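# Report on the structure
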Amino acid sequence: MVPPFLSYITFNRMGLTARSLKSILDTPEDFEMHIIDSNSKDDTWEYLQSLNDSRIKSKTRLPVNSGPVFALNLNLSKRRPDQYFFSVDSDVVIKTKDWLTRFMAVFNTFPDVGLLGVQRTAPYIPIYPPVIPISSNGVTYLQLTNGQIDVPLDFVHGCCMGMRPELIQQIGYWSEETCYGDAELTPRVMHYTSFKAGYMSDPNMIPLIDIDMTQMIPCAECIAQGFCRQDKITTTCFNIHRNSYKNEPFVNKFKWKYLEFFRELAAGQRTAYCASIYDPISMATHAYNQEWALENMNYYVANSN
């Protein structure tokens, strides 16, 4: 079996990126990792150059940050057709050594499960949306019940997420036309494909994969501090990130696209398959509002670089 494709996108916060990558690379799991640095302004790229692990198949530094969805889709366009696709955010430390094995146990036990994620941890409030436990042969996951459109947190979080190849055949890419990420992906899977979505948790809502999502660490505790050129008084990798992180204002400005996107789906004006600028054939054969996508890209280019 071909190893899963592991997508890793980072943008500043070298301190969190370093501890996150160390946790992943310290596991014995087999994967093919592709790292994208979305034009970090701290010393993230210099740190990435120091990593030496045969499972890292590519390191790409983007000339501009065009937003997380475009970076994710660049990696997704590299995936081989039979590969499972996993993504881990750069603020996620994975404590469970056999984390991919646990994901695959659920995928292998439940062929109708296309999308699986891990519940976020502090400082986020770990509140599950409506779910039901599904078990078979000693394997359990929490199946998302509704995945409703425009309902806060009623989706599978993208912080540590996996998708089966057969689902990707149906959905293509993350929507560049909305750039709504996991909040868009989950209802599209739930309502417009044949697959289920859910969480890696036991019947008691205890996660099957233990992660840490600490959002800030003291500079003295950073394992990559030898690469840091910031003065650590007025400038750190964290305030560089904070000044360029524009996901929330983007959502506030362009939520109307997300709503219109699902209205078009409900009206049968498009299918669940989303195209990408990184896949010209997909753009030629599926609905793709290039004006929306370019406006989204330009928003991040103008505000996050």
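Throughout what follows, the structure given in this document is the object of discussion. (Residues numbered from 1 in each chain as written. Predicted model: local features only at pLDDT ≥ 70, side-chain atom pairs only at ≥ 80, totals over all residues. Heavy atoms only, no water.)

## Overview of the sheet that holds strand E4 (residues 85-89)
Applicable threshold: The pairing criterion for strands is at least two bridges between them, as found by DSSP. Helix and strand definitions follow DSSP, with helices as H or I runs of at least four residues and strands as E runs of at least two, each counted in order from the N terminus. To define axes, lines are fitted to C-alpha atoms, for helices over the stretch in contact only, and angles between the resulting N-to-C directions are given on a 0 to 180 degree scale. Residues are treated as being in contact if the distance between any of their heavy atoms lies within 4.5 Å.
A sheet is described by the order of its strands in space; here nine strands give the open sequence E3-E2-E1-E4-E9-E6-E10-E8-E7, paired in mixed fashion. Edge positions in the sheet fall to strand E3 (56-61) and strand E7 (131-136), since each has one partner strand and no second. With strand direction ignored, the average angle separating the axes of adjacent strands in the sheet is 25 degrees. Where E4 lies against strand E9 (residues 160-163), four bridges are found, and the strand directions are antiparallel. If you follow Val88 over to E9, its bridge partner there is Cys160. Docked against the sheet, helix H3 (residues 68-76) engages strand E1 (5-10), strand E2 (32-37) and E4, running at close to 150 degrees with respect to E1.

## Remarks on the packing of aromatic side chains
To describe a pair of aromatic rings, one takes the distance between the centres and the angle between the planes. We count it as follows: Note on aromatic pairs: the rings of Phe, Tyr and Trp (six-membered ring only in Trp) are paired at centre separations within 6.5 Å, and the planes decide the class, stacked below 30 degrees, edge-to-face beyond 60, tilted for the rest. For the exposure calls, accessible area comes from a 1.4 Å probe over protein chains only, and a residue counts as buried if that area is under 20% of its type's maximum, exposed if over 50%, partly exposed in between.
In this structure the tally under the stated criterion is 19 aromatic pairs. Relative to Phe107, the ring of Phe86 lies with its centre 6.3 Å away and its plane at 75 degrees, an arrangement referred to as edge-to-face. With Phe86 in strand E4 and Phe107 in helix H4 (residues 99-109), the pair connects residues that are 21 residues apart, well separated along the chain. Looking at Phe107, the relative accessible area reads 1%, which means it is buried. When the ring of Tyr128 is compared with that of Tyr199, the centres are 5.1 Å apart and the planes differ by 85 degrees; the resulting orientation is edge-to-face. Of this pair, Tyr128 sits in the loop between strand E6 (113-117) and E7 while Tyr199 sits in strand E10 (residues 196-199), and the two are 71 residues apart along the sequence. In terms of burial, Tyr128 and Tyr199 fall into one category: buried. Ring-pair connections join several aromatic residues into one group, and the members of that group are Tyr84, Phe86, Trp99, Phe103 and Phe107.

## Comments concerning the pattern of salt bridges
What counts, and what does not: Whenever Lys or Arg places a side-chain nitrogen within 4 Å of a carboxyl oxygen from Asp or Glu, that contact is recorded as a salt bridge.
For the coordinates displayed, the defined rule picks out 16 salt bridges. Note that Arg80 is salt-bridged to Glu32, the shortest N-O span being 2.5 Å. Of this pair, Arg80 sits in the loop between H3 and E4 while Glu32 is found in strand E2, placing the two residues 48 residues apart along the sequence. Judged by its relative accessible area of 36%, Arg80 is partly exposed. One salt-bridge network, in which partners are shared between bridges, spans Asp43, Glu46 and Arg229.

## Some thoughts on the nonpolar core
Stated precisely, the cut-off is as follows: Working definition of a nonpolar core: buried Ala, Val, Leu, Ile, Met, Phe, Trp, Tyr and Cys residues. They are joined through side-chain atoms within 4.5 Å.
Formed by 45 residues in total, the largest nonpolar core has its most connected members in Ile24, Met33, Val88, Ile94, Trp99 and Phe103. Those residues in contact with Val88, other than ones at most four positions away along the chain, are Leu6, Ser7, Tyr8, Ile9, Ile24, Ile94, Trp99, Cys159 and Cys160. The next biggest cluster of nonpolar side chains, apart from the first, holds 40 residues, and it includes Ile9, Leu62, Leu167 and Phe254.

## Observations regarding unusual backbone geometry
Trans is the prevailing form of peptide bonds, just as negative phi is the prevailing case for residues other than glycine. Cis geometry is adopted by the peptide bond preceding Pro123, which originates at Ala122 and carries an omega value of 15 degrees. Here the phi dihedral of Asn12 falls at roughly 60 degrees; this positive angle occurs in a residue that is not glycine. Relative to the elements of secondary structure, Asn12 occurs in the loop between E1 and helix H1 (14-25). Taking the relative accessible area as the measure of exposure, Asn12 reaches 0% and is therefore buried. Unlike most non-glycine residues, Lys232 shows phi in positive territory, near 65 degrees. Tracing the chain through its elements places Lys232 in the loop between strand E11 (211-212) and helix H7 (237-244).

## Observations concerning helix H6 (residues 182-192)
Of all 11 residues that make up H6, eight are buried, and the element is covered over most of its length. Of the positions making up H6, those classed as buried are Ala183, Glu184, Leu185, Thr186, Pro187, Arg188, Val189 and Met190. The inward-facing, buried residues of H6 abut E6, strand E8 (139-144), E9, helix H5 (165-171), E10 and helix H8 (247-266).

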